[in-house]
Structures are given as C-alpha cells and as structure tokens.
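# Structural overview for review
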Amino acid sequence: MAKKKKKKKPIISFLGSVVAFFKDDRFRYAMGIVFLLVALFMILSLISYLVNWKTDQDFEWAKVFSGPEVQVENSGGKMGAWLSNLLINKWFGLASFVFPAILVIWAMALYKIRLVKPGKSIRNSLILIVLLSITLGLMFGDAGGLLGSGPGGQHGYFLSKWLMASIGTFGTIFLLIICYTAMILFSTSFLERIRELENPFQAAGEAGGKEPAAEGDSEDAADPFVLTTMKPEEQADLPEETRGEETTGEIPGRDTGEQAAAGTDRESKGSDGRDDVEMTIEDVSGTNPNDFNPDEGALGEYDPTLDLPKYQYPPLSLLKEYDHGDTTVTNEELISNKNRIVETLSNYNIKIDKIKATIGPTVTLYEIVPAPGIRISKIKNLEDDIALSLSALGIRIIAPIPGKGTIGIEVPNQNPRIVSMKSILASKKFQDAEMELAIALGKTISNETFVFDLTKMPHLLVAGATGQGKSVGLNAIIASLLFKKHPAQLKFVMIDPKKVELSLYTKIERHYLAKLPESEEAIITDTQQVIHTLNSLCAEMDDRYNLLKAAQVRNIKEYNTKFINRKLNPNKGHRYLPFIVVIIDEFADLIMTAGREIEHPISRLAQLARAIGIHLIIATQRPTTNIITGVIKANFPARIAFRVTSMIDSRTILDGSGADQLIGRGDMLFLSSSEPIRLQCALIDGPEIEDVTDFIGQQKGYPTAMMLNPVEDGGSAGPDVDLDKRDDKFEEAARLVVQHQQGSTSLIQRKLSLGYNRAGRIVDQLEATGILGPFEGSKARQVLVQDEFSLEQILSKLS
C-alpha cells in the first residue's frame, strides 16, 4: 500500500498546484473582466447584425482572418459579423441575446456579487434560449428570410417544423406551455409559498433561521466561486447559535488560533450534512500552518531555476552550419572500394556471399558476409593487405559486428564531411533526450546523432595525440551541457594546466563555474590550487552523502525530487544539489608535478562521487600506464579515444587496438560497453564558443561563482615528525643542503651514503624544522635557510 501512495504523490502535488492557481483571487478577477468584455462585444455585434444582416448574412469563419479587401458592416468587425451570423441566423435567432446575460451572471459570480443565484440562473438561461428559439420559429417561421432564417434562427425554424409535423400545432403549443411552466416552478420558490399556505404552522417552525442558511449553503456548494457573506444587521436576526457560522471576518473575543480551531470544528462536525466548507477563518487571518501538507502541494513545487528566472538558453543561431546533409561519397568510389575488397579477399581464397555499404560523414562501413567455412581470424589478419589495396589509412576491421552476422570493414572517405555542432544540437534525438546530463558528441557511421547520459557513465576518460581533436571534443561536451541545463542545475570545475584551452569560459563564471573562495581565477591553472580544489570536492562529496543519509535516499535524483516536493527542511541544512562536472585538461602534466596528491582525491571522487552528482571528465595526451593507473581505469568505464601514435597507447585507453588506426581530425572511438563505437566528433571552434559564452555572460548571473568549502591542507604545516627522535645524520644533512642550496633526497643519499628510505625520513625532518620547503612534484625542494649562521641558530634551539 505504501508503494501505491508514493506513486500518486507527484500527481496530487500537481493537481494541488493547479487548483491553487484557479482559486487565486487574481485569476478570478481577470476572468471576470474577460467575461464582461466578451459580453459587451457580443451585444454590440448582435445589435449591429439586426441593422446590417443583409450585408453580413452567411459570413464564413474562413473570412475572419482574411485581408483588408473583405469588408463588413458589423460594429464587431469580421469576428462580430461571423459570431452574430452564427448565433442569430444559424442557431437560436433573437434568443441569442440571452448569451451576453449568461456571461454577465458568471462575471458577477466571480466578483461575489449575489444579485441572483449563479448556477440556477445560468441553467435556466440556457433552457430559456432553446424554448424562445422554438417559440419564435413557431410564431413567425422564416418570416420571408428576415434576419436570414427568421426570428427563431435555423434551430427554432426547423425544430418547430418537426414538432408541428409530429404532434401538430396545438400539441406543440401545449408542449411549450408545459416546458415554460416547469421552468418557472423549478426556478422560483412558488412551491414553497403554496406549502406555507397549506401548513402555516410547520412552515413557521422551519423558518427558525435554518431555511435561509441551508438554501444559501446548497447554492454555494454548487458554485465554487461564491462565498456566502452576511451583513451585521442580517446576523442579528439569526439565533445566537448560528451567528458567525457564515461570516468570513474575525469572531469577537477570540484570537486567531481559536478562530482556526472553530473553523476546523465546523468542518469536522458537518452540521448540515456537507462534507466540505467553502471558506474558513484562515482566508482572512492568514495561512494556517497546521493545514500545510507538502504531499498535496500546498506551496507548489520548489523551482531552483527561479534564482535566475529571466535566464535564456543560448540560441542555436550562435553556431555555424558546416554540413548540408549531402553525401560526399560517389557511386564510383563505392564500387571501386567494393571491388578491391572482394579482389583482395579472393586472392587469399576467401569468398564473399554478400557485401553492403553504409556511408558515414568520414568513414564508410562495408559489411561482408563470408561464405560458410571461412574463419573470421583469417579475414582479421588481412587488415594491412586491404589497406594496401585501397591505398587508404585508418582501415579497421570489426570481426564480427556485435548483434549482426557480418564482418565490418571501415574505410575512410576520400572527401570527409565536417559535422557541425549546430546540426547535432538541433537534432530531434538531442532535443527530446530525457537525460539528466545529455551530451551530444557527433555522428556515427550510419549518420545518426550520438547522445549519451553522463550520469550513466558516470565518468569519462579522453585521450588522444596532439592535434587530433581532443580539445574540440571537450568543447563539444561543455556546449551540450550549456545548451541543455540551467545554471541552477549544473556547475563546472575547470582545471587547465595549459592556461589557454579553457580560458574562454571565464565569462560564464557567475553562471556555471565553481571555485575556491581564495581563488582569483575561475579556471584553475596552478597546481597547488588544483590540489586544494580536488580536496574541497572530496569534502563536498562527504557533505552530500551526509545529506543523502539524513534524507534517507540513495542518490542525488531522489534527494532533489524530495527537496523539490518540499519534503526536506532547509532549516536543517538541506539544499538543492546541482550537478558538478569536473573537467581536467592535460592530466599527465598534473600527475608529473603533483603525483599522489592529485591521484588520491581523483581516485576517491571516481569511486564514490557518482551517487551525489559529481562527475569527472579527464583528458590527456599521454595515455600511458604511469598516467592512467589501474585505479583510474577501473572507475572510468566510459572512454573516448582520438587518434594515438601507437598500439600500446590504444591498449591503455581502450584495452584493445583501434585508436592507432583512426584518421584524426575528430575521428574517434567511444567505449562504454564491450565494443567501441566509431564516431565523427562535431566541430565547434573558438569564435562559436566565444559567442555562446558572451551570450550567457551578458545575462544576469549569481553575485559570484559557486564557492566550494576550503579544506585545510595538513601538508602545508609540514609532515607529522617527532623531532625528539631525529636521525643521527640529521645535523650533517642540514649543513649539506644549506651548503649546496639544494634540497633533494638523492643528494643526501649520495653524499652521506644512505638508503632511500632513511634519506627520505631526514628530508621530512628538515621540512618539519623549517630548513626545507614542501614537496613540489618533480622540482627540488626549496632551501629556506640561506647561510650556516642561521642554520646553527635553528640547530641550537633543537638541542
């Protein structure tokens, strides 16, 4: 049962917000004005039709929005001519003048003006229109074409003719008299007056104040727009126990809480059998907090995008169009390649039953079905021979193609086509993608747009040699997210040791970027800042897991759904959690300069950050084993490989060959399952990125970038070393490094003939005493003491 309730909560919340909108006073007042204006327009149009009906007769709907060459005489213009012709000529004739009266009654109900009972009056008016139309048709017929179809309109004319043919003229008259009499009896209190005359004592007993209230209550229950109010002098005439039950103001002698309790009691008791109460005291004195139910959407859903309500997504017109969808592979090229493949295979006694070509933007896939008995490995070994016969680079054989009983041979096109980012983002597949973090990379061999969800990956490893499209691929990923996600839903942490690749994105700092409070630049380039930022992301990850634990959910999607539905209290530390995408360019340079200080937080984030919405995208030129370690590879199942220089690098990034056989310029392999997918990456160049960032940066943003909580680096205070247990060679090593002004472990090893471990412990002791500076990656440590006199002062304090 609990599961069924949980499914209904979003629907109940949505219906609650819709009902709250329609109950809003501003909506009622606006609709009242609309009804009055429409009623006035109808009256003017109908009156004008009585004068100009010969000109405006049979005016069709198709002419309403025609040009100025079509003229009408009606005061309501073309719309008025069409509407009056419809109502008077084709429908109910002169009885149509009751329609504006219905709109006026409805407007009065919206403004709570109780001159008549709205529900009953509208019902009787609709019945009156039908009866009057038939009566006018019976009395005047078509009147020689007066007003088009006579005073009763086509409805009254034809219906009266049918009744006279069925029950005769007198029968029709009697039927109309019965209908008019029934309408008068049911719409007035005529029967109550007769009952009072028959039994005056019983009528007097029932008139003790309950009859008017009950009558009003029943009407109010039928009409959701009307709230019963009574004047003080009318209340004075009621019995004491009924006073205040229908008033909407405050009850003298009670405070707000007592009034709310009284309203609740009346609602629960239901003295007159009603299940609901139209209005309670809270409507005047304020919202009762006891009635707030998040599950029913009392305040509606929380919308994080209201922080920047006027934010506009960048339009696709900012991007360039490179491809026009036309193929660049001729039939001659297809036939020539097909014949060469068949000829090369036949030279090795490999027969083919069938061959089919699929043309892509840069590569054509030839699917072959070998004859029975042919071994796949035999074809696989002919990769170089086929490349030689076709005189082409980048030949790749897929044996077999997953899910098909064929062998694929990928052959580069002679004239490759550029795939524009605009065509990818404008595709239906990307626009309709219902993904948390939808990323459009490019097109497959079959010319289909390739879109994936980063949250399902959950991290991405990008590798490729210099100039093969790696930076363009990162820009395509970032652009996909910028065109799809609001700044309140997504934040970037951008790390760029080269200082130039991601610099264009500084303009969107106040919208999309996150950084440390002490960091001057949003794009992080300093190695020490990178370490601090990654450590702060680890702390953010731990904080988010604590929030998920308190909310009793398992991932960020469930947590944000609860928060949006107002089931989590912000006063208890809960907040909306945006996705954080960490983009690291030139990862190899960071590993070389910082080593384990970078690898440790990266490994923690890669292992644990998926559930709380932190995703890593790491790019490197050197996919070697000392850069991409086993721990990193294990937690980066999704990988993108642009062209690399050797098969060893391809095996490092893809666990197999293939990346070394690509043709470059955006040609890439995407691996997320067992078999990589060949794609042509979409092109987005610097001017396009600049236009997009300018468009976003010119809009109103947050006061600052999203601030990460800084984490105190324990390493900055020196290693944890007990100086009372200094090494015997400590003072000799101190004098050595000051004399040479070089603080390296290898120097102490050579000069003092020590092992590496002991020399390393001495270096830690020298750092703890302030003689050497902290570790700086591949650089030698800085010597903080410049002369031996200063050194002797430090040593004397230690002894």
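Calculation rules
- Residues numbered from 1 in each chain as written.
- Predicted model: local features only at pLDDT ≥ 70, side-chain atom pairs only at ≥ 80, totals over all residues.
- Heavy atoms only, no water.
- Helix = DSSP H or I, 4+ residues; strand = E, 2+ residues; numbered from the N terminus.
- Buried < 20%, exposed > 50% of the residue type's maximum accessible area, 1.4 Å probe, protein only.
- Contact = heavy atoms within 4.5 Å.
- Areas by Shrake-Rupley, 256 points an atom, 1.4 Å probe, with all protein chains shown as cover.
- Core = buried A, V, L, I, M, F, W, Y, C linked by side-chain atoms within 4.5 Å.
- Pairing = 2+ DSSP bridges.
- Phe/Tyr/Trp six-rings, centres within 6.5 Å; stacked < 30°, edge-to-face > 60°.
- Axes fitted to C-alpha atoms, helices over the stretch in contact; angles between N-to-C directions.
- Parallel < 35°, antiparallel > 145°, perpendicular 65-115°, else oblique.
- Left-handed = near helix turned anticlockwise from the far one by under 90°.
- Nonpolar A, V, L, I, M, F, W, Y, C, P; charged D, E, K, R; others polar.
- Salt bridge = Lys/Arg side-chain N within 4 Å of Asp/Glu carboxyl O.
- Patch = residues over 30% accessible without salt bridge, like charges linked within 9 Å, V, L, I, M, F, W, Y side chains within 5 Å.
- Polar contact = N/O pair within 3.5 Å; in protein donor to acceptor, adjacent residues only side chain to side chain.
- Lys, Arg positive; Asp, Glu negative; His and termini not counted.
- Expected span 1.5 Å × (residues − 1).

Our next topic: the overall build of the protein chain. From N to C terminus, the protein chain includes 30 helices and 15 strands. For the protein chain, buried positions account for 45% of its 799 residues. When contacts within the protein chain are restricted to residue pairs at least 6 apart in sequence, long-range pairs at least 24 apart make up 67% of them. A total accessible area of about 42,000 Å² is found for the protein chain, and carbon and sulfur atoms account for 55% of it.

Residues Leu441, Leu460, Phe492 and Ile598 are the most contacted members of the largest nonpolar core, which totals 112 residues. A total of nine residues in this core trace back to one element, the largest contributor, which is helix 20 (residues 527-551). Residues within four places of Phe492 in sequence aside, it is in contact with Ile478, Leu481, Leu482, Tyr512, Leu513, Ala514, Val581 and Ile583. Counting 22 residues, the second largest nonpolar core, distinct from the first, contains Tyr49, Leu83, Ala95 and Ile122.

It is a general feature of regular strands that their side chains alternate between the two faces of the sheet. One ladder, built from seven bridges, connects strand 1 (residues 352-359) with strand 2 (residues 363-370); its direction is antiparallel. Paired with Ile355 across the bridge in strand 2 is Ile368. Between strand 1 and strand 2, which follow one another and run antiparallel, lie three residues.

Attention now goes to the packing of aromatic side chains. Per the counting criterion, the structure on display carries eleven aromatic pairs. Aromatic side chains Trp91 and Phe92 sit 6.2 Å apart centroid to centroid with 65 degrees between the ring planes, which places their arrangement in the edge-to-face category. Given the relative accessible area of 16%, Phe92 is considered buried. Of the aromatic side chains, those joined through ring pairs into one cluster are Tyr311, Tyr313, Phe492 and Tyr512.

With omega at 0 degrees, the peptide bond leading from Met457 into Pro458 counts as cis. Relative to the helices and strands, Pro458 resides in the loop between strand 6 (449-453) and strand 7 (460-463). Despite not being glycine, Asp655 shows a phi value in the positive range, around 60 degrees. Residue position: Asp655 is located in the loop between helix 25 (647-654) and strand 13 (667-671). Located in the positive-phi region is Gln741, a residue other than glycine, with phi close to 50 degrees.

Of all five residues in strand 13, five are buried, a share of seventy percent or more. Side chains Asp667, Leu669 and Leu671 project from strand 13 onto one buried face, and the interleaved Met668 and Phe670 project onto a second face that is buried too. For strand 13 and strand 14 (residues 677-681), the ladder comprises four bridges, and the chain directions are antiparallel. Opposite Asp667, over in strand 14, you have Gln680 as the bridge partner. With antiparallel pairing between neighbouring strands as the criterion, strand 13 and strand 14 make up a hairpin whose turn holds five residues.

Another aspect to go through is the sheet that holds strand 8 (residues 490-495). Strand order in the open sheet made by the nine strands is 6-5-14-13-12-7-11-10-8, with mixed pairing throughout. Either end of the sheet is taken by a strand with one partner, and the two such strands are strand 6 and strand 8. Across the sheet, the mean angle separating the axes of adjacent strands is 30 degrees when strand polarity is ignored. Two elements, strand 7 and strand 11 (residues 614-620), share four bridges in a ladder whose sense is parallel. Looking at strand 11, one finds that Ala463 is bridged to Thr620. Lying on the sheet, helix 22 (residues 587-594) is in contact with strand 8, strand 10 (579-584) and strand 11; it crosses strand 11 at an angle near 90 degrees.

Helix-helix packing is characterised by the crossing angle of the two axes and by the distance between the axes. Where helix 20 meets helix 21 (residues 556-564), the closest approach of the two axes is 10 Å, and the angle between their N-to-C directions is 60 degrees. Here helix 20 is positioned oblique relative to helix 21, judged by the angle of their axes. The element helix 20 and its partner helix 21 pack so that their crossing is left-handed. Of the residues in helix 21, those in contact with Arg544, Leu547, Leu548 and Ala551 of helix 20 are Ile556, Tyr559 and Lys562. Residue composition of the contact of helix 20 with helix 21, by class: five nonpolar, no polar and two charged.

So, on to the pattern of salt bridges. Under the criterion given, the structure shown has 23 salt bridges. A salt bridge links Asp453 to Lys456, with the nearest nitrogen and oxygen atoms 3.5 Å apart. Using a relative accessible area of 8% as the deciding quantity, one classes Asp453 as buried. Classification of Lys456 as exposed rests on a relative accessible area of 54%. Residue Glu509 is joined to Lys515 by a salt bridge in which the shortest nitrogen-to-oxygen separation is 2.9 Å.

Packing of helix 4 (residues 98-110) against helix 5 (residues 118-140) brings their axes to within 10 Å, and their N-to-C directions diverge by 175 degrees. When the axes of helix 4 and helix 5 are compared, the pair comes out roughly antiparallel. Note on element contacts: helix 5 touches helix 4 through Pro118, Ser121, Ile122, Ser125, Leu126 and Ile129, opposite Val98, Phe99, Ile102, Ile105, Trp106 and Ala109. For the contact of helix 4 with helix 5, the residue count by class is ten nonpolar, two polar and no charged.

Quick look at a nonpolar patch on the surface now. On the surface, Phe170, Ile173, Phe174 and Ile177 cluster together to form a nonpolar patch covering roughly 430 Å² of accessible area. The topology assignment puts Ile173 in helix 6 (residues 153-187).

Here the focus is the environment of Ser650. Structurally, the position occupied by Ser650 is in helix 25. For Ser650, a relative accessible area of 0% puts it in the buried group. Expressed as a C-alpha distance, the spacing of Ser650 and Gln661, which sit eleven residues apart in the sequence, is 9.2 Å. Within the structure, Ser650 has its side chain in polar contact with the backbone nitrogen of Ala659 (distance 3.1 Å).

Locating Asp649 in the fold gives a position in helix 25. The side chain of Asp649 sits in the buried core without any salt bridge; Arg622 is the nearest counter-charge, 7.8 Å away.

With that out of the way, let us pick up helix 29 (residues 756-768). With 13 residues, helix 29 should reach 18 Å at 1.5 Å per residue; the first-to-last C-alpha distance of 18 Å fits that figure. All buried positions along helix 29 are accounted for by Ala759, Gly760, Ile762, Val763, Gln765, Leu766 and Glu767. Directly after helix 29, the chain includes Gly770, whose backbone phi takes a positive value near 85 degrees.

What follows deals with helix 20. For helix 20, with 25 residues, the first-to-last C-alpha span of 36 Å sits near the 36 Å given by 1.5 Å per residue. With a side-chain oxygen positioned 3.2 Å from the backbone nitrogen of Gln528, the residue opening helix 20 is Asp526. A positive phi of about 60 degrees marks Gln552, the residue just after helix 20.

Attention now goes to the side chain of Gln699. Considering the arrangement of structural elements, one finds Gln699 in the loop between helix 26 (686-697) and strand 15 (706-707). On the basis of relative accessible area, Gln699 is assigned to the buried category, the value being 13%. Setting aside anything within four residues of it in sequence, one finds Gln699 in contact with Lys310, Tyr311, Gln312, Arg510 and His511.

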